[in-house]
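Listed here are the chains, written in short residue letters.
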Amino acid sequence: MDLKLDKNKHDMVFVNGDCPMTQGEADSTAQKLSIRLRTFQGEWFRDVTYGTPWFSRVFGKKVSKTTVDIVIQEQIRKEPSVVQITSFESSFDNASREYSCSFKVRTAQGETDNISFSMSEVF
């Protein structure tokens, strides 16, 4: 179990001065995936290989939505507790230049709730 983070603000949650823990492997995995996708590869000084390679594989290049889907799915599969991606949907809004995806994964303990991720100015 891990310390619980707010899904919208991506900050620690405190209840009466205590920080609750994630509930089970599926909840913990969902939180770890959210952190992995929001971390730029090379950003974390203790492991510069951790995170999503946004700069080297996505930003500043003419990439397709399919390429970004592949990058994200590779990151999902890197999480040790992920057994399978059970659903994956993505979209790209050309007007706002925002990519978003929603997915579920299966762990040894069960399936996660829907995990959503979005990034502006991806393409």
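About the thresholds
Residues numbered from 1 in each chain as written. Predicted model: local features only at pLDDT ≥ 70, side-chain atom pairs only at ≥ 80, totals over all residues. Heavy atoms only, no water. Helix = DSSP H or I, 4+ residues; strand = E, 2+ residues; numbered from the N terminus. Expected span 1.5 Å × (residues − 1). Buried < 20%, exposed > 50% of the residue type's maximum accessible area, 1.4 Å probe, protein only. Arc of directions from axis to C-beta. Contact = heavy atoms within 4.5 Å. Core = buried A, V, L, I, M, F, W, Y, C linked by side-chain atoms within 4.5 Å.

Colleague: Can you help me understand helix α3 (residues 65-78) in this one?
Modeller: Count 3.6 residues to each turn of an α-helix, and residues three or four apart come out pointing the same way. With 14 residues, α3 should cover 20 Å at 1.5 Å per step; its first-to-last C-alpha distance of 20 Å lies within 8% of that length. Within the span of α3, buried status applies to Val-68, Asp-69, Val-71, Ile-72, Gln-75 and Ile-76. End-on view of α3: buried residues confined to an arc of 160 degrees, all on one side of the axis. In this fold, the buried residues of α3 make contact with α1 (24-38), α2 (54-57), β1 (84-93), β2 (98-107) and β4 (115-120).

Colleague: Quick question: what am I supposed to make of α1 here?
Modeller: The terminal C-alpha atoms of α1 lie 22 Å apart, and with 15 residues this matches the ideal 21 Å at 1.5 Å per residue to within 8%. Of the residues making up α1, those classed as buried are Ala-26, Asp-27, Ser-28, Thr-29, Ala-30, Gln-31, Leu-33, Ser-34, Arg-36 and Leu-37. Where α1 is buried, its residues meet α2, α3, β2, β3 (110-111) and β4.

Colleague: What's the story with the nonpolar core in this structure? I'm lost.
Modeller: The tendency in soluble globular proteins is for nonpolar side chains to be buried as a group. In this structure, Trp-54, Ile-72, Ile-76, Phe-88 and Phe-103 are the most contacted members of the largest nonpolar core, which totals 21 residues. Elements supplying a minimum of two residues to this core: α1, α3, β1, β2 and β4.

Scope: geometric values only; no functional claims are made or implied.
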